[in-house]
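Residue strings, one per chain:
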Amino acid sequence: IQGRQQKWAFNLGATYRDSSDYLAAGGSYGDITLPDDTPVNDTGLQDDSIYGFLSYDFTDSQLVSFRFNRYRAGETGFGWVDPLLLGELDRVQITYPFQDFDRYTMEYNASALQSVLANTARVNLLYQENQRELVNNIDAYSPFSGPLLFHIGVTTENFTDLSTLGLRAEASKILGDNHLLSYGGEYYDDDSFNTDYSFTYGALAMQMDPTLPPEDITPPFFTDEDDIANTPNAENIAFGLFAQDQFLLGSRFSGTVGIRYANTETKAKETPGLDTAGLDFSDDDFVGAVSGVYQATNNLNLVGTLGTAFRAPNIVERLFNGLTPEGSGYQILNPDLQSETSLNWDLGLKYRRMNAIFEIMIFRNEITDGIVQEFLSDEEIAQLPPDVQEEIENSGAGVVVQQQNASKLRYEGVETTIGWRGSRGFSIGANYTYLDSERVDTGAPTGDTYNNKFNFNTRYDRPTGRFWVEYRLRHNGSADAVTDPDAPIPPVGETLPAFTIHTLSGGVVLFERASQQHSLTLVIDNFTDELYSEFSNATFFRPQPRRNFLVTYRLRI
């Protein structure tokens, strides 16, 4: 619902959703074969949100506004398939019993100012809070003697409360006929509060039937409880100052040059059971960028950008120690983790006319001291303190990882887009991305991302606007799944398989009456019933839904 009354304007909306666990399609994906449609457990969700906007116009060129968003989610999970279907016994269940998110924003906007300092100004004040609970249930099995297995069961519970206070102010000033100067600053304060609890037990189990999970045949012969937080309570403060100039040179060349100062400071607060001495971190840097557009013809532009960047490690990367959220690894804290910096450039051309577009860009991004997750070898684990080794063993984690700085990461590739729209309602378009990412120090790929991706779509719109139909295709090429010699081979295999997804959709205006319009749309996603997983979820193997239908009835007034 939205409306306006004199100088006041408002918008108010709400959503509610209730969904059950979805099914993945039967089929093969790498080394995984599912004979039939398979439940992906814990993917159901019940959630709701309320959002609103209120503004007041002081004058024709000045207004103040307030926005809010309230989101509540009940129990859901990351999603998992019965491990026996994957040829495994170990089970990792990741659930989120609840998540509460609230955001409040107040903003002042002014334009047409006659000040010597600015023609426009904007000030934004933000406060948000995110509370959520994370629960892991892990069952790990290893050979013991004959048919007996050693069973470790682990339950972990984590509560996190992350609140953020932010302030951003920016202004712009026209200088002469060919320059637009923009400048400002921002400040953000993240405050993180965490609690953790874990319960671990060990028992002997027997493989009663290869098609059934093992059953414990002894009472637990050891148990362990721990309520020390994996991440200390912490505060992360970041502020920056920036300025940029948008300029014209002649009638065909425009460009932008900018500079920014960034400062980040992380403070580990007093946390029960943890020694936080020496964990504080601070860093700062100057970064900049220059870009240009040359109009070669009325339809063809040549573009390019050169820039540097800076990113400090976040709270989890720098301070987390313990069983990782996905439950399959144990992370060792690295107090020496440093910030990463990068040098980036891209070059390309863009061709546009009334009914056609063509773009091609080549790019390279080189990250120095890139933050990567390293898998520790058996020799490196053996060098850890004995109490840490015992904690790792009791956790049931299959691997031990640590956030470390790689000397250099390189991402380079090409992106191209083409599109054409006919005079009778037909249109066609496609885009292709090739990405080569590697660790320069070892030559290994960075992992969990595609090497090439292709999208295609064609659509027909009835000239009268009564109906439309569309076909879309997305193809992801294969990529290496294992990029570290100490990393385990996932169930999907050493290669993330290629996949192709087809989508059909269409819509029709049923009827119009006065100011009302009634319309119906239908989307059929994964039309060919493909078994696949997005690459970021493939190694843990959380498959996407099977063929699914979305029907929408819409009334516009």
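See the structure printed just above.
On a predicted model such as this, the values are computed, not experimentally measured, just so you know.

Trainee: What is the right way to read the overall build of the chain from this model?
Mentor: On a plain count of helices and strands, the chain comes out with 4 helices and 32 strands. Reported as C-alpha extents along the three principal axes, the dimensions of the chain are approximately 80 × 60 × 50 Å. Taken across its 557 residues, the chain has 38% of its residues classed as buried. Sequence-distant contacts, at least 24 apart, represent 66% of the contacts inside the chain between residues at least 6 apart. If you sum the accessible surface of the chain, you get close to 30,200 Å²; carbon and sulfur atoms cover 55% of it. Taking the average place of the 39 positive charges on the side chains of the chain and the average place of its 78 negative ones, the gap between the two points comes to 19 Å.

Trainee: Sorry if this is basic, but what is going on with the pattern of salt bridges here?
Mentor: Pairing is possible between side chains of opposite charge, provided their charged atoms come close. Inspection of every chain in the model, using the stated rule, returns 26 salt bridges. A salt bridge links Asp 47 to Arg 17, with the shortest nitrogen-to-oxygen separation between them at 2.6 Å. Placement of the pair is Asp 47 in strand E7 (residues 45-59) and Arg 17 in strand E2 (residues 8-19), with a sequence separation of 30 residues. Accessibility expressed as a relative area gives 6% for Asp 47, which makes it buried. Between Glu 359 and Arg 352 there is a salt bridge, and its shortest N-O distance comes to 2.6 Å. Classification of Glu 359 as buried rests on a relative accessible area of 16%. Among the residues examined, Arg 352 registers a relative accessible area of 45% and is labelled partly exposed.

Trainee: Please clarify how a negative patch on the surface should be interpreted in this entry.
Mentor: A contiguous patch of negative charge on the surface is contributed by Asp 224, Glu 225, Asp 227, Asp 387, Glu 390, Glu 391 and Glu 393. The set of elements that each furnish at least two residues to the negative patch consists of strand E15 (222-226) and helix H3 (386-395). Within the element layout of this structure, Glu 393 appears in helix H3. We classify Glu 393 as exposed; its relative accessible area is 57%.

Trainee: Looking at this model, I keep getting lost on the environment of Gly 30. Mind explaining?
Mentor: For Gly 30, the location among the structural elements is in the loop between strand E4 (27-29) and strand E5 (32-34). In this structure Gly 30 comes out as partly exposed when scored by relative accessible area, which is 42%. Through-space distance from the C-alpha of Gly 30 to that of Val 440 is 28 Å; in sequence the pair is 410 residues apart. Setting aside residues no more than four positions away along its own chain, Gly 30 makes contact with Val 492 and Pro 497.

Trainee: Teacher, can you tell me more about the side chain of Thr 200 here?
Mentor: Assignment of secondary structure puts Thr 200 in strand E13 (residues 179-206). Overall, the relative accessible area of 4% leaves Thr 200 in the buried class. When neighbours within four sequence positions are excluded, Thr 200 is seen to be in contact with Ile 152, Gly 153, Val 154, Phe 222, Thr 223, Asp 224 and Asn 394.

Rules used in this analysis
Residues numbered from 1 in each chain as written. Predicted model: local features only at pLDDT ≥ 70, side-chain atom pairs only at ≥ 80, totals over all residues. Heavy atoms only, no water. Helix = DSSP H or I, 4+ residues; strand = E, 2+ residues; numbered from the N terminus. Buried < 20%, exposed > 50% of the residue type's maximum accessible area, 1.4 Å probe, protein only. Contact = heavy atoms within 4.5 Å. Areas by Shrake-Rupley, 256 points an atom, 1.4 Å probe, with all protein chains shown as cover. Lys, Arg positive; Asp, Glu negative; His and termini not counted. Charge placed at Lys NZ, Arg CZ, Asp CG, Glu CD. Salt bridge = Lys/Arg side-chain N within 4 Å of Asp/Glu carboxyl O. Patch = residues over 30% accessible without salt bridge, like charges linked within 9 Å, V, L, I, M, F, W, Y side chains within 5 Å.

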